[in-house]
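Topology and contacts: notes
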Amino acid sequence: MNMMNEVLRRICRRNFCTCSPRPWLFVGLGNPGDKYSGTRHNVGFEMLDAFAESQGIHMETVHCKAMFGKGFVNGIPVLLAKPLTYMNLSGESTGPLAAYYKLPLNRVVVFHDDMDLPCGVLRLHPKGGHHRHNGLKSVIYHFRGNREFPRLRIGIGRPPGQMDPKAFKLQKFNSTARERINAALGEGAHALEQVISKGFSESSICFNTTQKYKHIRLQTLPTSHHASS
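Attention in this report is confined to the structure presented alongside it. Here the structure is a predicted model, which is why all the values come from computation and not from measurement.

It is worth spelling out the packing of helix α2 (residues 43-55) against helix α6 (residues 175-198) at this point. It is the contact of α2 with α6, at a shortest axis distance of 9 Å, that shows an interaxial angle of 60°. If you check the angle between α2 and α6, you find them oblique. For the crossing formed where α2 meets α6, the hand is right-handed. On the side of α2, the interface is formed by Val43, Glu46, Met47, Ala50, Phe51, Ser54 and Gln55, while α6 contributes Arg178, Ile181, Ala184, Leu185, Gly188, Ala189, Leu192, Glu193 and Ile196. Here the residues of the contact of α2 with α6 are counted per class, giving ten nonpolar, three polar and three charged.

Written out as structure tokens, the structure reads:
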């Protein structure tokens, strides 16, 4: 760690609320417990874990109903959280975390699964609605209806045929889809590092352009059949 990082660490160790520059809060959405591990609905958790691992940030404490960790990326403080409330109540953790650290919502990035994108395709957006995603719906509710917080959308594709979307989201990935998600986790972790270093707007333009070409390449390939054993 360079000298600047060490100085910042000492200054901010006791109170991230007053850090300068202001911290980022990254929140991955999912369901806690082994039963849900590896399912489509839990890719928000997986993305957060991938980012934490890439930066050497340990998530070993429980804070505001979330598994929680904090560290520095290129000298900038970062807070990481995986709500333990179950997906539909994610806002019960996210709202209090943002309030506790006195963060404007443009410093809170929520990672979530998205059926409107092909499996493994990512998008960064500065704001938006919940699009029937119950985790996002809860976060928006606990942000007092404010939708102007960034998101990292993680494509999981659409269910095949007449399959119930709820069942689809709680199913594990087949091997082909798993490979795409694993690749996407690396891409997303790198993009998030760029967000921290360069800001959301500049980073998202470049990243989304790259992902658009990936979208075109993948959208006609099947990945939504039943998970392989």
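Residues Phe26, Phe51, Leu80, Phe111 and Leu152 are the most contacted members of the largest nonpolar core, which totals 37 residues. Those elements giving two or more residues to this core turn out to be β1 (24-28), α2, β4 (76-83), β5 (108-114), β6 (122-125), β7 (151-155), α6 and α7 (200-218). Here this core gets nine residues from one element, more than from any other, and that element is α6. Apart from residues no more than four positions distant in its own chain, Phe51 is found in contact with Phe26, Val73, Val78, Leu80, Ala189, Leu192, Glu193 and Ile196. Listed in part, the 20 residues of the second largest apolar core include Ala81, Tyr101, Leu103 and Leu136.

We now examine the sheet that holds strand β2 (residues 61-63). Spatial strand order, β2-β3-β4-β1-β5-β7-β6: seven strands in an open sheet with mixed pairing. Two strands close off the open sheet at either side, each with one partner strand: β2 and β6. In this sheet, adjacent strand axes meet at a mean angle of 30° when their direction is disregarded. Strand direction decides the pairing type here: β2 and strand β3 (residues 66-73), joined by three bridges, are antiparallel. Within the sheet, the bridge partner assigned to His63 lies in β3 and is Ala66.

Turning our eyes to something else, we now look at the pairing of β5. With seven of its seven residues buried, β5 lies for the most part within the structure. Burial of the side chains of β5 extends over both faces: Val108, Val110, His112 and Asp114 are buried on one face and Val109, Phe111 and Asp113 on the other. Where β1 and β5 come together, four bridges link them in parallel fashion. Looking across to β5, one finds that Leu25 is bridged to Val108. Bridging between β5 and β7 involves five bridges; their strand directions are parallel. Among the inter-strand pairings, Asp114 is bridged to a residue of β7, identified as Gly155.

Procedures and definitions
- Residues numbered from 1 in each chain as written.
- Predicted model: local features only at pLDDT ≥ 70, side-chain atom pairs only at ≥ 80, totals over all residues.
- Heavy atoms only, no water.
- Axes fitted to C-alpha atoms, helices over the stretch in contact; angles between N-to-C directions.
- Helix = DSSP H or I, 4+ residues; strand = E, 2+ residues; numbered from the N terminus.
- Parallel < 35°, antiparallel > 145°, perpendicular 65-115°, else oblique.
- Left-handed = near helix turned anticlockwise from the far one by under 90°.
- Contact = heavy atoms within 4.5 Å.
- Nonpolar A, V, L, I, M, F, W, Y, C, P; charged D, E, K, R; others polar.
- Core = buried A, V, L, I, M, F, W, Y, C linked by side-chain atoms within 4.5 Å.
- Buried < 20%, exposed > 50% of the residue type's maximum accessible area, 1.4 Å probe, protein only.
- Pairing = 2+ DSSP bridges.

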